[in-house]
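The residues making up each chain are set out below.
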Amino acid sequence: MDFQLSDDQRALRSGMRDLLGAAFDRDGLRAAVERGGAVDRGLWRELGAAGFFALRLPEEAGGVGLGLPEAVLLFEEAGRALLPGPLVATHLAAGLVKGAAEGEAVVTASQGGGLPVADLRGADAVLVAGGVLTGEELAAFVAGARPVRSMDPLTPLHRAEGLVAAAEAYPGALRGEGALLTAAEQLGSAARTTEMAVQHARAREQFGSLIGSFQAVKHLCADMLARTEPARGAVYAAAVTGDPVEIAAAKLLADDAAVRNARDCLQIHGGMGFTWEADVHLHLKRAWLRAARWLTAAEAEEILAAGLGPVRPLYGGSAALG
């Protein structure tokens, strides 16, 4: 099976990178940090106009008519740029919530199990296991929520109370698609921190030499690439097959690559990597947060274990030894 991108897919990815480079550059990222991660409605509508949310809707429904492989490419670019907001939930809500496909509505999701809800204030709808909360139901849900401290300054969190908040997370395809798109964001972040580390290693001098010439730094950069590329293969393959086991594997690999690459990137940057002015810590904090979204490592491992089938003994008994 050939997983090389087609010319159209490459153009799609390049177009999204150009769009985010113009509409959400580093100044835009820092402005988002200053406003506490609140969704920029203008940027949201711009994403809607570009087809980000309606990408998988049929053309007759006003969408672009593409599939998960193409959606993964766009979310990978969003992860590279650290684009804030409930991108996954709004994408999944296209066709379900009025205005979501066009970027006119901001839709977040309740993960269930008492987990905090991201980007709740200002949301026009909330996806829950039993459907969608809007109007008075949404107002009551928001009124019962309280803000909690978020490790990611770009992702405000609220802890909601009640039966809806305690319900189990989504079953089936919706949860799997959310996990895969989140894995794509993690993949984009892992690739970006690898680039940041290599760029810094090529420019930073210590003891009269570029730090990229030191063997320890070379190994760190090589390890980052060695985590990113298997994760890329797993994410792209899962987007083609849609298999729940492959999605679980992709989420595991992408989460690991995003978190560990951000940590290694921070180490290569040295003391400046810990400063507020550097962007490395933003990738690390977002990677930690995404790892707990849609499909955790423990849940993914259970899916993978179940996919192995029943455990059989190596030997049928003492007679087999003879």
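Residues numbered from 1 in each chain as written. Predicted model: local features only at pLDDT ≥ 70, side-chain atom pairs only at ≥ 80, totals over all residues. Heavy atoms only, no water.

Undergrad: Explanation requested: the confidence of the model for the chain in the structure shown.
TA: Where the model shows low pLDDT, its predicted coordinates should not be examined in detail. Here the chain averages 88 in pLDDT, and 91% of its residues register 70 or above. Per-element confidence in the chain ranges from a low mean pLDDT of 49 for helix 13 (residues 318-321) to a high of 96 for helix 4 (residues 68-81). (pLDDT = per-residue confidence, 0-100. Helix = DSSP H or I, 4+ residues; strand = E, 2+ residues; numbered from the N terminus.)

Undergrad: Would you take a moment to explain the sheet that holds strand 4 (residues 131-133) for this structure?
TA: Pairing is mixed across the open sheet formed by three strands, whose spatial order is 1-3-4. Two strands lie at the open edges of the sheet, namely strand 1 (107-109) and strand 4, each paired on one side alone. Averaged over all pairs of adjacent strands, the angle between strand axes in this sheet comes to 30 degrees, irrespective of strand direction. Pairing of strand 3 (residues 125-128) with strand 4 involves three bridges; the strand directions are antiparallel. Bridged to Val126 within strand 4 is Leu133. On the sheet, helix 6 (residues 135-143) packs against strand 3 and strand 4 and is oriented at approximately 70 degrees with respect to strand 4. (Pairing = 2+ DSSP bridges. Axes fitted to C-alpha atoms, helices over the stretch in contact; angles between N-to-C directions. Contact = heavy atoms within 4.5 Å.)

Undergrad: Whenever I open this one, the packing of helix 4 against helix 9 (residues 215-241) confuses me. Can you help?
TA: The relative placement of two packed helices comes down to the angle between their axes together with the axis-to-axis distance. Closest axis-to-axis distance for the helix 4/helix 9 pair is 7 Å, and the angle between their directions is 145 degrees. Facing Leu68, Pro69, Val72, Leu73 and Glu76 of helix 4, the residues of helix 9 in contact are Arg232, Val235, Tyr236, Ala239 and Val240.

Undergrad: How should I be thinking about the packing of aromatic side chains in this particular structure?
TA: Centre-to-centre distance and the angle between the planes together describe a pair of aromatic rings. Tallied over the entire structure, the rule returns three aromatic pairs. Their ring planes at 80 degrees and their centres at 5.3 Å tell us that Phe52 and Phe53 sit as a pair that is edge-to-face. In this structure, Phe52 and Phe53 share a single accessibility class: buried. Taken together, the ring pairs in this structure connect Trp44, Phe52, Phe53 and Phe75 into an aromatic cluster. (Phe/Tyr/Trp six-rings, centres within 6.5 Å; stacked < 30°, edge-to-face > 60°. Buried < 20%, exposed > 50% of the residue type's maximum accessible area, 1.4 Å probe, protein only.)

Undergrad: Would you mind showing me how to read empty space enclosed by the protein here?
TA: Gaps between atoms show up when a probe of the same size as a water molecule is rolled over them. One pass over the full model with this rule turns up two cavities of 30 Å³ or more. Here the largest cavity defines a volume of roughly 260 Å³. Lining the largest cavity we find 19 residues, and of these Gly85, Pro86, Asp119, Glu185 and Arg293 sit closest to its centre. If you list the elements that add at least two residues to the lining of the largest cavity, you get helix 5 (87-93), strand 1, helix 8 (172-203) and helix 11 (280-291). For the lining of the largest cavity, the per-class residue count stands at ten nonpolar, four polar and five charged. Within this model, the second largest cavity holds a volume of roughly 60 Å³. Around the second largest cavity, the lining residues are Arg35, Ala38, Val39, Asp40, Leu43, Trp44, Leu47, Leu83, Pro84 and Gly85. (1 Å grid on protein atoms, 1.4 Å probe; cavity = no way out; pocket = protein on both sides within 12 Å on 5 of 7 lines; lining within 4 Å. Points joined across faces, edges and corners; volume = space filled by probe spheres on them. Nonpolar A, V, L, I, M, F, W, Y, C, P; charged D, E, K, R; others polar.)

Undergrad: Just checking my understanding: could you explain helix 4 for this structure?
TA: Note that an α-helix has 3.6 residues per turn; residues three or four places apart therefore point the same way. Spanning 14 residues, helix 4 covers 20 Å between terminal C-alpha atoms, matching the ideal 20 Å at 1.5 Å per step. Those residues of helix 4 that sit buried are Leu68, Glu70, Ala71, Val72, Leu73, Leu74, Phe75, Glu76, Glu77, Ala78, Gly79 and Arg80. (Expected span 1.5 Å × (residues − 1).)

Undergrad: Help me out: how do you make sense of the side chain of Glu70 in this one?
TA: Examined against the element boundaries, Glu70 turns out to sit in helix 4. The side chain of Glu70 is buried and forms no salt bridge, while Arg56, the nearest opposite charge, is found at 8.2 Å. Setting aside chain neighbours within four positions, we find Glu70 in contact with Gln9, Leu12 and Leu55. (Lys, Arg positive; Asp, Glu negative; His and termini not counted. Salt bridge = Lys/Arg side-chain N within 4 Å of Asp/Glu carboxyl O.)

Undergrad: Can you walk me through the pattern of salt bridges in this structure?
TA: Under the definition given, this model contains 16 salt bridges. Put simply, Arg41 and Asp124 hold a salt bridge, and the shortest N to O gap is 2.9 Å. Linking Arg41 in helix 3 (residues 41-49) with Asp124 in the loop between strand 2 (117-118) and strand 3, this pair joins segments that are 83 residues apart in sequence. Take Asp124: its relative accessible area is 31%, and that puts it in the partly exposed class. The salt bridge partner of Arg290 is Glu185, with a shortest N-O separation of 3.8 Å. One end of the pair, Arg290, is in helix 11; the other, Glu185, is in helix 8, and 105 residues separate them in sequence. Glu185 matches Arg290 in its accessibility class, with the two residues each being buried. A network of salt bridges, in which partner residues are shared, links Arg17, Glu77, Arg80, Arg192 and Glu195.

Undergrad: What's the story with the nonpolar core in this structure? I'm lost.
TA: Side chains that are nonpolar tend, in soluble globular proteins, to be buried together. Residues Leu47, Phe52, Leu87, Leu180 and Val235 are the most contacted members of the largest nonpolar core, which totals 58 residues. When sequence neighbours within four positions are dropped, the list of residues in contact with Phe52 reads Met16, Leu47, Leu74, Phe75, Ala78, Leu87 and His91. Core analysis: the next-biggest nonpolar cluster, separate from the first, contains 17 residues, Ile211, Val217, Cys221 and Cys265 among them. (Core = buried A, V, L, I, M, F, W, Y, C linked by side-chain atoms within 4.5 Å.)

Undergrad: Any chance you could explain the state of the cysteines here in plain terms?
TA: Two cysteines joined by a covalent bond between their sulfur atoms form a disulfide. Per the counting criterion, the structure on display carries zero disulfides. For Cys221, which is in no disulfide, the shortest distance to another cysteine sulfur is to Cys265 and amounts to 8.5 Å. Residue classification places Cys265 among the buried positions, given a relative accessible area of 0%. (Disulfide = S-S within 2.5 Å.)

Undergrad: Any chance you could explain the sheet that holds strand 6 (residues 157-159) here in plain terms?
TA: Adjacent strands of a sheet form backbone hydrogen bonds with each other and so pair up, either parallel or antiparallel. If you trace the three strands from one edge of the open sheet to the other, you get 2-6-5, paired in antiparallel fashion. Edge positions in the open sheet fall to strand 2 and strand 5 (146-148), since each of these has one partner strand only. As judged from the two bridges shared by strand 2 and strand 6, these two strands associate in the antiparallel manner. Note that in strand 6 the partner of Ala118 across the bridge is Leu157.

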